[in-house]
Amino acid sequence: MLKNSYKISELFDRAAGSRAMLRNLLQQEGYEGLDDFRAKAQAKGRQEERRQAVLDLCEVLNIEVTSMRQAHLDRLDLPGLDQFRADLKRLRSWPA
């Protein structure tokens, strides 16, 4: 079911129709619109960068990243990854 119906003008104006179709596709996937999609994609990118920074720090400090440790990192949000990285730097070992 579409959240937004199409306006008559969107049926005849190709650009307007494309925008309406994109809006409906994004909303079908749980996004409010293109700005929401971009914001969530950027946040996910920052989270992946932080996770990689933690993994790089583990490599430099010769800390083994087991599957359990990787699963723990995968569950952390952005602030959690930042705190975890700070703890790694301070402790120079995997935080308890």
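The structure under discussion appears in the preceding block.
Residues numbered from 1 in each chain as written. Predicted model: local features only at pLDDT ≥ 70, side-chain atom pairs only at ≥ 80, totals over all residues. Heavy atoms only, no water.

A. The arrangement of the environment of L22 in detail. By secondary structure assignment, the location of L22 is in helix α2 (residues 14–28). A residue is classified by how much of its surface remains accessible, and L22, at 38% relative accessible area, is partly exposed. Taking C-alpha positions, L22 is 8.1 Å from L34, a pair spaced 12 residues apart along the chain. (Helix = DSSP H or I, 4+ residues; strand = E, 2+ residues; numbered from the N terminus. Buried < 20%, exposed > 50% of the residue type's maximum accessible area, 1.4 Å probe, protein only.)

B. Region of the structure containing helix α3 (residues 34–60). When the terminal C-alpha atoms of α3 are compared, their 39 Å separation across 27 residues agrees well with the 39 Å that a helix rising 1.5 Å per residue should span. Taken together, the buried positions of α3 are R51, V54, L55, L57 and C58. On the buried face of α3, the contacting elements are α4 (67–75) and α5 (78–91). Downstream of α3 by a residue or two, N62 has a phi angle that is positive, lying close to 60 degrees. (Expected span 1.5 Å × (residues − 1). Contact = heavy atoms within 4.5 Å.)

C. Here's a closer look at the nonpolar core. Judged by nonpolar contacts, V54, L55, L57, C58, I63, L73, L76, L81, F84, L88 and W94 together constitute the single largest core of 11 residues. If you tally residues by element for this core, the top one is α3, at four residues. If near-sequence neighbours (up to four positions away) are discounted, V54 is found in contact with L73, L81, F84, R85 and L88. (Core = buried A, V, L, I, M, F, W, Y, C linked by side-chain atoms within 4.5 Å.)

D. Region of interest: the pattern of salt bridges. By the definition in use, this model includes six salt bridges. Close ionic contact of D35 with R38 constitutes a salt bridge, the shortest N to O distance being 3.9 Å. Of this pair, D35 and R38 both sit in helix α3, three residues apart, which is roughly one turn of the helix. A salt bridge links R51 to D74; the shortest N-O distance between them is 3.4 Å. Of the two residues, R51 is situated in helix α3 and D74 in helix α4; the sequence distance between them amounts to 23 residues. Among the residues examined, R51 registers a relative accessible area of 7% and is labelled buried. With a relative accessible area of 43%, D74 lands in the partly exposed category. Salt bridges sharing common partners tie together E48, R51 and D74. (Salt bridge = Lys/Arg side-chain N within 4 Å of Asp/Glu carboxyl O.)

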